[in-house]
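# Structural description and commentary
One letter stands for each residue in the lines below.
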Amino acid sequence: MSTQLRPTDPVALTDAIAVAGSGRRAPAPAATSGPEPGFPAGTLYGRGRELQLVDRMILRPQEQPWLVFSGEPGSGRTALLQAAERRADRAGHGVVHVTCGAARRDATALADLGFALGMENEGGATALARGLTTAASERPLVVLVEDAQWLGRRGWDELARVAALTRRERVAVLAVTDERRDAHGTGLPVVALEGIDDAAAGALLDAMRPRLPGIVRERTLAAAGGNPLALVELARRPIEAWQRLGVRAPAALPVSDRLRDALTRRLEALGPLTRAVVLTAAANDGASVGEVVAATSLVTGAPSGQVVASVALAVAHDELLEADGRLRFRHEAARAAVYAAAGLDARRAVHLALADVVGQRPERRAWHRVTATLGADEAVADAAYAAATAARSRDRLLDALALIEQSARVTAEPRVRVDRLLEAAELAHAVGRPDRAAELAGRVRSSAAATDADRRRLEAVRARFHLRRRDRAAVEELLGDVEALGAAGERALATRLLVDVARDLQGRPGAGPGRARVVALADRLGTPAQEPLLAVALTAAAPARGPEALRAATAATDTQALSTETRVLLAGAAIDAADDALAAALLDSAVTDLRADGHVGLLSEALRLRGWTAARTATVAAARADLAEARTLAEAYGHTRVLARLPALEALLAALCGRAGEADRLAAEAEGALAGWPAARAELELVRGLARLGERRHAEAFERFERLWEMGDGDVVPVQARRVVAEYADAARHAGACDRARARLAALASAGGVHAAGLALAHALLDETPEAAGPLGVALAAAADDVPFRRGHAHLALGEWLRRERRRRDAQAQLELAREAFAVCGASAWEDRAATELRAAGAATVHRAPDQLDDLTAQELQIARLAAEGLSNREIGARLYLSHRTIGSHLYRVFPKLGITNRTQLGRALAELGVEADGVAAG
């Protein structure tokens, strides 16, 4: 124990206090004895209420002279003592700072306080009270007692008696403890330091790491659970350390030694059985109380009744655990700290016990057994590999990756180990972990058991996931790999590599021979009904065959049974074939499963694609939500290919909302990043054409769309031109270029592969005969069950024709339907176009009511949709990688924006705005 009498001269310090929820950051003090470098010195986040109590205690000690703060390690107890010391110094008070220690307990701590006051031969509460009163006779005295948990019950009783005796004196005492149990019953006011709220935690984290990628920022906040020290320490960890999250082991969380020691210090005071309970809970990959009790009984030999009592003790007194029918740690940092603090032998024993307890669940049993295995063990390795295969079949890819890696670690046979490392490398790439994939690939290359075929397989994987320009020789080499893999019976890998080569060749000038070979190889590998991914290769290499191949692929099997990767690839092909409805259905199911699995590598690409379809099949607001999440994930995990293509989606949304200037700016910014990538650059021309068409600058729109057709290679019309045939015809009709457009469409129709509803509308728009209403009616019927945007376009075209024919009443009915369809989509530029036609048809001036959806941020809309599905805050947080408290804060802001008061009203409110709970536009 140490005692120190602080100087009584006032020290002018500037306190920097950011009160809870304010979000502001105050300037740091000129001098402080605050935490380590890197922490915002002198700044307290989220402790405004506690600081008010400190001020009251110091400035008006007669009202509240004694105060006890109780909180877990890292909750800011020491920071509050430091703030109290600065306030006391500034007020001219005397300060005595006593630090208790584990070596000396009970009333001896108070004796040391007496020594600090010069009372070497006196003791007891009465003498100490007299000494404090004497010391405070000239100026008020503030006594700070740190680590008061070491006082013990006797010491707390003595402290309470001193408080009673000095109640009316100018003495203020502030004690901090991480154990509130002994302080209760003494009559001393105890204030529990809960975790700081989300706004304060976010402000603290942003002060530490102002440019932290979004997904890492949210995971840090969720793992820390409002504990300031956990936030500070986790913020210091390298971003790469967070990429291990999602696997089963609590060791995946990047806790520092300091955080580990701080959060586990209290475990020393617990009995061995209670400590065993806490470790078992940390090692368990579930939250069942029964599993923890059974496994702890196996490890310790204690009866289950005693273990249950220890569980209750751990929950009541350790404050790391909480029980609400299940046993969980208050935050993941505490769980990881407990696991890291235990010795290797203790962890192995717990994992072996858990393997026995969860024996009816093969995947979990395999995980615990392989984690506990140190050397080679073929039986354990095979069980872990079988469990990985089962996890992969259900798209739990992160679990599968962890299990395959562990299986390879304990595999003795070199050839089998190489095969498993290869599979792990492929899977690491698939889940967006190129760093891990590179490490695994290095282990394969350095193995004496690796063959040339293994190295070709690694090159195939690398080629799939790295954007690079390929010359003709490189393409021929990769297609040779496809042929060799197919001949060797590796048809699945051959098909997957063929898909990537085909997509890379898509739209490249002079790539006709390569695409022809892709088609030939696809036909040799099977049919889309047998291997759905062949439909993707065919759509990219031979667009005319795309729609038929997609129909065969999706009709032959239940698409929900396909892997998420296959669904995302098929959805991309469906977008290229202008089948937005099919793409939306595939992407909705894939995104749900990818979130559940934590498969962030593919999720960013799926969200980007869904953003394109949502603008036409759902709402612009939903597309913005997908855009925002895709950017967050891509930035966090370095998905440069996704990041390069996101500006095109952002430009599309600006174009649909009538912001042509913004759309052009975004397209120009994206163009440089897409150099040498013709298929992606064509998207930018598509956006520029739509932007001008929305503003009724038809000649300019026609010129932009013409560029899409000119980007073709031989007889192959680029997919982007196929996606906007109706818009192209619309621009051509108003620009007086119908003959040119008819020729384009005739060639396209003869080649095949165009979405029927879009082609029917395009032909109808170019019909200049007096009987044009007939084709327009046919087009409208074809679009009736199609996506809202195309349906709105068909109503608009028919309404415009009826107005020109002076059939105003009929025109008004069609134009109103068009306006409503565009309003549902949120395509305000097209909604304004329909409104202009309505006024020209003699309808009253149409004013668009403010849309409540405009008030919601992309993330708020996303959370509202998931809440309307009935998901809890914890479930939503798990999907979006946010803490459940962050979800609650968002919903608190959403309710008044939608004019509702609780989550049961969300579904109705969103439906009234044209958004269903699952994000599909109503109507």
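None of these values were measured; they are calculated from a predicted model.

### Notes on the overall build of the chain
The helix and strand inventory of the chain stands at 46 helices and 10 strands. Counting only residues that meet the buried cut, the chain has 57% of its 923 residues in that class. Within the chain, contacts between residues at least 6 apart in sequence are counted, and of these 68% link residues at least 24 apart. On the chain, roughly 35,900 Å² of surface is accessible, and the fraction owed to carbon and sulfur atoms is 50%.

### Observations regarding the pairing of strand S6 (residues 141–146)
Where burial is concerned, most of S6 is hidden: 6 out of the 6 residues are buried. The two faces of S6 match: Leu141, Val143 and Val145 on one face and Val142, Leu144 and Glu146 on the other face are all buried. Bridging between S6 and strand S7 (residues 171–177) involves 5 bridges; their strand directions are parallel. Looking at the pairing, valine 142 lines up with alanine 172 of S7. At this point the chain moves from S6, through helix H5 (residues 152–165), to the parallel S7, and the crossover so formed is right-handed.

### Remarks on the confidence of the model for the chain
For the chain, mean pLDDT is 78; residues scoring 70 or higher make up 81% of the total. When the criterion is pLDDT under 50, residues 1–41 qualifies, and its contacts beyond four places in sequence or with other chains add up to 92 contacts. Here residues 103–107 scores under 50 on pLDDT; set against residues more than four positions off or in separate chains, the count is 15 contacts.

### Describing unusual backbone geometry
A positive phi angle, close to 65°, is found at alanine 578, a residue other than glycine. With respect to the helices, strands and loops of the structure, alanine 578 is situated in the loop between helix H26 (564–576) and helix H27 (580–597). Residue alanine 578 is classed as buried on the basis of its relative accessible area, which comes to 6%.

### Thoughts on the pattern of salt bridges
One pass over the structure, following the stated rule, counts 47 salt bridges. One salt bridge connects arginine 692 with glutamate 700, and the closest N-O pair in it is separated by 3.5 Å. Here the residues in one salt-bridge network are Asp664, Arg692, Glu695, Arg697 and Glu700, joined through shared partners.

### Description of the pairing of strand S5 (residues 94–99)
By the criterion of burial, S5 is predominantly enclosed, with 5 of the 6 residues buried. In terms of strand pairing, S5 meets S6 through 6 bridges, oriented parallel. For threonine 99, the partnering residue across the bridge sits in S6 and is glutamate 146.

### Regarding the packing of aromatic side chains
Both the distance between ring centres and the angle between the ring planes are used here to describe each pair of aromatic rings. Tallying each qualifying case throughout the model produces 5 aromatic pairs. Three or more aromatic residues joined by ring pairs make a cluster, and in this case those are Phe702, Trp709 and Tyr728. Residue placement shows arginine 347 over the ring face of tyrosine 339; its charged tip is 5.1 Å from the ring centre. Note that arginine 723 overlies the ring of tryptophan 612, its terminal NZ or CZ placed 5.1 Å from the centroid.

### Some details on the packing of helix H24 (residues 533–541) against helix H25 (residues 546–555)
If you want to describe how two helices pack, look at the angle between their axes and the distance between the axes. H25 packs onto H24 with a crossing angle of 175° between their chain directions and a minimal axis gap of 8 Å. What the angle tells us is that H24 and H25 run roughly antiparallel. Contacts from Ala535, Leu538 and Thr539 in H24 reach Gly546, Ala549, Leu550 and Ala553 in H25. Residue classes in the contact of H24 with H25 are distributed as 5 nonpolar, 2 polar and no charged.

### Some points on the nonpolar core
Looking at soluble globular proteins, one finds that nonpolar side chains tend to be buried together. Residues Leu498, Val518, Phe705 and Trp830 are the most contacted members of the largest nonpolar core, which totals 135 residues. With 11 residues, the single largest contributor to this core is helix H30 (residues 640–656). Beyond its immediate stretch of four places on either side in the chain, phenylalanine 705 contacts Leu686, Gly689, Leu690, Leu693, Val724, Glu727, Tyr728 and Ala731. Listed in part, the 55 residues of the second largest apolar core include Val232, Leu270, Ala283 and Leu321.

### As for the environment of proline 73
Residue position: proline 73 is located in the loop between strand S4 (66–70) and helix H2 (77–90). Placed 189 residues apart in sequence, proline 73 and alanine 262 show a C-alpha to C-alpha distance of 5.7 Å. Non-local contacts of proline 73, meaning those with residues more than four positions away in its chain, are made with Asp178, Asn227, Ala262, Leu263 and Arg266.

### Focus on the packing of helix H35 (residues 725–735) against helix H39 (residues 788–804)
Put simply, H35 and H39 touch, their axes get as near as 11 Å, and they point 20° apart. One finds that H35 runs roughly parallel with respect to H39. Of the two elements, H35 crosses H39, and the hand of that crossing is left-handed. From H35, Ala726, Glu727, Asp730, Arg733 and His734 reach across to H39, where they touch Phe789, His793, Glu800 and Arg804.

### Some details on the environment of aspartate 197
Looking at the element boundaries, aspartate 197 is found in the loop between strand S8 (190–192) and helix H6 (198–208). Accessibility expressed as a relative area gives 29% for aspartate 197, which makes it partly exposed. C-alpha of aspartate 197 to C-alpha of threonine 886: the two residues are 689 residues apart in sequence and 8.9 Å apart in space.

### Details of helix H40 (residues 808–825)
What sets the pattern is the α-helix's 3.6 residues per turn: residues three or four places apart point alike. Helix length check: H40 (18 residues) gives 25 Å between terminal C-alpha atoms against 26 Å at 1.5 Å per residue, within 8%. Along H40, the residues that are buried comprise Ala811, Gln814, Leu815, Ala818, Arg819, Ala821, Phe822 and Cys825. Burial along H40 is one-sided: seen end-on, the buried residues are contained in an arc of 165°. Just downstream of H40 lies glycine 826, where phi reads positive at about 85°.

The rules we used
- Residues numbered from 1 in each chain as written.
- Predicted model: local features only at pLDDT ≥ 70, side-chain atom pairs only at ≥ 80, totals over all residues.
- Heavy atoms only, no water.
- Helix = DSSP H or I, 4+ residues; strand = E, 2+ residues; numbered from the N terminus.
- Buried < 20%, exposed > 50% of the residue type's maximum accessible area, 1.4 Å probe, protein only.
- Contact = heavy atoms within 4.5 Å.
- Areas by Shrake-Rupley, 256 points an atom, 1.4 Å probe, with all protein chains shown as cover.
- Pairing = 2+ DSSP bridges.
- Right-handed = clockwise from strand over helix to strand, strands pointing away.
- pLDDT = per-residue confidence, 0-100.
- Salt bridge = Lys/Arg side-chain N within 4 Å of Asp/Glu carboxyl O.
- Phe/Tyr/Trp six-rings, centres within 6.5 Å; stacked < 30°, edge-to-face > 60°.
- Lys NZ or Arg CZ within 6 Å of the ring centre and 35° of its normal.
- Axes fitted to C-alpha atoms, helices over the stretch in contact; angles between N-to-C directions.
- Parallel < 35°, antiparallel > 145°, perpendicular 65-115°, else oblique.
- Nonpolar A, V, L, I, M, F, W, Y, C, P; charged D, E, K, R; others polar.
- Core = buried A, V, L, I, M, F, W, Y, C linked by side-chain atoms within 4.5 Å.
- Left-handed = near helix turned anticlockwise from the far one by under 90°.
- Expected span 1.5 Å × (residues − 1).
- Arc of directions from axis to C-beta.

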